[in-house]
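Fold and geometry: a report
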Amino acid sequence: MPPFRRWADLPPDLLCRIGESLDLKCYASARGACTAWRCALSPPSPSLLVVLDDARCCPSAASLPTHRSFELKAILSGGRCVGSSNGWLALSVCLYGGQSMFSLFNPITATEIILPPLIYESRWVSKLVFAPNPARDDFAAAAICDIDRLAYVTAGARRWAILDPVRLTGGDQLADVVYHEKGRVYCLTRYGDVHVLRLPERRRRKPIMVEDPAGPSSGPAIPLLSSPADRAALRFQGRRTQQQRNMRMICYEHRRWREQHPIAIPQATMKGTYCTDLFMPLRRVPPGSVGPDLNAPATVEPLSDGNLPFDPATSFAPPYNTVSVFTSAKNLVFCEGNMYQIWRNASCTVTLQLPGGGHRRVAENEVLVLRYYPRRQPCWDAVQDLGGYSVFVGRNNAVSMYAEGVLGLKGNCVYWIGGRGRDQGMVFDMATGRSTPCLPAAGVVPGAPQSTICWYFLSDMVNNCNNNEGRRVYQTRARVRADREQDMETEE
């Protein structure tokens, strides 16, 4: 009788056939079973989040490495994606009266976190970023809510905190935000100025302790979330969860607008799908048991010397001090611990007259990559490559990953979303200086009208990717270099 073969010894072709029938959650779990399976199955990320224009609001993750599409859970009808990070989406749903409801939605598990209401006269949020691994009682988010204003919210707060206007030069405005680590959000303007928003420490909500009305001598403090008998004895029930309070505040703002505009929309109703635990009976809370429920203070400070106003002439090396004004699409990204600005000419081809003489031609959709050197002056200068890495920018929290040897990807490239007409995935090759469509349209229905939303990653911590040639999968650049040296010694 032949010996039993281990599951890890299954032929790679058979594993690939099995993987073709798995959804995204099961596919990712299969890749985590063992090293052999992880090497046989291509990584699902990066993917393009695509929605077919048939009003179903069922997005798909079109994976570039696997050349297939994974169906995801349906999102709320009318929802607009304003951010993406670590497998989660940030959605904005417009309510009657111009107010918007924001939520964090996981399209793999259908988990939804309703954020507190953002009460501000501006009705447009261009981008929202948030801390990894959000939970209903533990989250932190920040957003651009105006040309020069930032807003943030943490778990336990009743509403977003609107910060004072960021000090910008004349004509400048906020263009991009990226959540980095330890509550730091880096903000980029259209002229290339960078500011740092330091969010307060994330706090997980704890059960509220109250004392018997008879006084402290009657016994120890009792948590609100206790047994039904204890709640009956105290004659009140536990406090609402954060999600219930968020939804109640949103409904209040919606109802108040309807009362102020009874003629405009007499039959206006708010439509949406929410988790069942949002609609629980109103619970009465004894006086003194409710805290202030406000966000802890946050600070915004410029990346450079705060005593001097931002000046492109001293921040960017020539000729990029002139080009910075004519590249309207800008993004921030971190790669191997270094900060980069990604500039793209989103308009037509232009030829610029440089102050010192000469000309600089900037082609349509030409991308410039500038690295930050904090100890230099100027502190930003262009680079010709990314050391084998590629970056993915757009509505998502910008991601960098080592792309050499990864199926369907190229190193030293900038992957962005745009183009003429309908948005699509594009790739700019730093070696050739050209932007081309990111083909093939992996797994998307041929000929069907569709909308490309953003880049979608199961995890943003993919700076180290694999080459699927028998080596460890998510390995560092130094590890790749060491493996190559080892291979050369073996060949000798």
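Nothing here was measured: the structure is a model prediction, and the numbers come from that model.

Another point: the overall build of the protein chain. Of regular secondary structure, the protein chain possesses eight helices and 29 strands. Relative to its full complement of 492 residues, the protein chain shows a buried share of 48%. A sequence separation of at least 24 residues applies to 55% of the contacts in the protein chain between residues at least 6 apart. As displayed, the protein chain has an accessible area near 25,000 Å², and 52% of this comes from carbon and sulfur atoms.

All right, on to the sheet that holds strand E24 (residues 389-392) then. Pairing within the open sheet is mixed, and its five strands lie in the order E25-E24-E26-E27-E28. The open sheet is flanked by strand E25 (399-402) and strand E28 (434-437), the only strands paired with a single partner. Each adjacent strand pair in this sheet contributes to an overall mean axis angle of 25°, direction not counted. Inspection of the sheet shows E24 paired to E25 by four bridges, in the antiparallel sense. Across the sheet, residue Phe 392 finds its bridge partner in E25, namely Val 399.

By convention here, two paired aromatic rings are described through the distance between centres and the angle between planes. Using the criterion set out here, one finds 11 aromatic pairs in the structure. Between Phe 392 and Tyr 415, the aromatic rings sit 4.6 Å apart at their centres with planes inclined by 15°, giving stacked as the arrangement. Of the two residues, Phe 392 is situated in strand E24 and Tyr 415 in strand E26 (residues 413-418); the sequence distance between them amounts to 23 residues. Comparing Phe 392 with Tyr 415 shows no difference in burial state: the two are buried. Ring geometry for Phe 392 versus Trp 455: centroids 5.3 Å apart, planes at 75°, classification edge-to-face.

In this section: the pattern of salt bridges. All chains considered together, the criterion is met by five salt bridges. Glu 366 serves as the salt-bridge partner of Arg 360, at 3.7 Å between the closest nitrogen and oxygen. The buried category is assigned to Arg 360, whose relative accessible area is 18%. The exposure class assigned to Glu 366 is buried, which follows from its relative accessible area of 15%.

Right, let's get into the environment of Ser 85. By the secondary structure assignment, Ser 85 is in strand E4 (residues 79-85). Taking relative accessible area as the criterion, Ser 85 reaches 3% and is therefore assigned buried. In sequence terms Ser 85 and Phe 130 are 45 residues apart; their C-alpha atoms lie 7.5 Å from each other.

Counting all residues, the mean pLDDT for the protein chain is 77, and 68% of those residues have values of 70 or more. Predicted confidence is poor over residues 463-477, with pLDDT under 50, and the contacts of this stretch with residues over four places away or in other chains come to 52 contacts.

Moving on to the sheet that holds strand E5 (residues 88-94). Backbone-to-backbone hydrogen bonds pair the strands of a sheet. The strands run either parallel or antiparallel. Taken in spatial order, the four strands make up an open sheet running E4-E5-E6-E7, and their pairing is antiparallel. What marks the edges here is a single partner per strand, and that holds for E4 and strand E7 (111-114). Sheet twist, expressed as the average angle between the axes of neighbouring strands with direction ignored, equals 25°. As paired strands, strand E6 (residues 100-106) and E7 are joined by four bridges and run antiparallel to one another. Paired with Asn 106 across the strands is Thr 111, a residue of E7.

Rolled over the atoms, a probe sized like a water molecule indicates the empty space that remains. The final tally for this structure, using the stated rule, is two cavities of 30 Å³ or more. Size it by volume and the largest cavity reaches roughly 80 Å³. As for the largest cavity, its lining consists of Gly 192, Asp 193, Val 194, Leu 303, Ser 304, Phe 310, Ser 315, Gln 341, Tyr 372, Cys 379 and Trp 380. Split by residue class, the lining of the largest cavity holds six nonpolar, four polar and one charged.

Our focus in this paragraph is the side chain of Asn 321. Inspection of the secondary structure assignment puts Asn 321 in helix H7 (residues 320-323). Exposure remark for Asn 321: the relative accessible area of 19% places this residue in the buried category. Beyond its immediate chain neighbours, meaning those up to four positions away, Asn 321 contacts Pro 312, Ala 313 and Phe 316.

Conventions adopted
- Residues numbered from 1 in each chain as written.
- Predicted model: local features only at pLDDT ≥ 70, side-chain atom pairs only at ≥ 80, totals over all residues.
- Heavy atoms only, no water.
- Helix = DSSP H or I, 4+ residues; strand = E, 2+ residues; numbered from the N terminus.
- Buried < 20%, exposed > 50% of the residue type's maximum accessible area, 1.4 Å probe, protein only.
- Contact = heavy atoms within 4.5 Å.
- Areas by Shrake-Rupley, 256 points an atom, 1.4 Å probe, with all protein chains shown as cover.
- Pairing = 2+ DSSP bridges.
- Axes fitted to C-alpha atoms, helices over the stretch in contact; angles between N-to-C directions.
- Phe/Tyr/Trp six-rings, centres within 6.5 Å; stacked < 30°, edge-to-face > 60°.
- Salt bridge = Lys/Arg side-chain N within 4 Å of Asp/Glu carboxyl O.
- pLDDT = per-residue confidence, 0-100.
- 1 Å grid on protein atoms, 1.4 Å probe; cavity = no way out; pocket = protein on both sides within 12 Å on 5 of 7 lines; lining within 4 Å.
- Points joined across faces, edges and corners; volume = space filled by probe spheres on them.
- Nonpolar A, V, L, I, M, F, W, Y, C, P; charged D, E, K, R; others polar.

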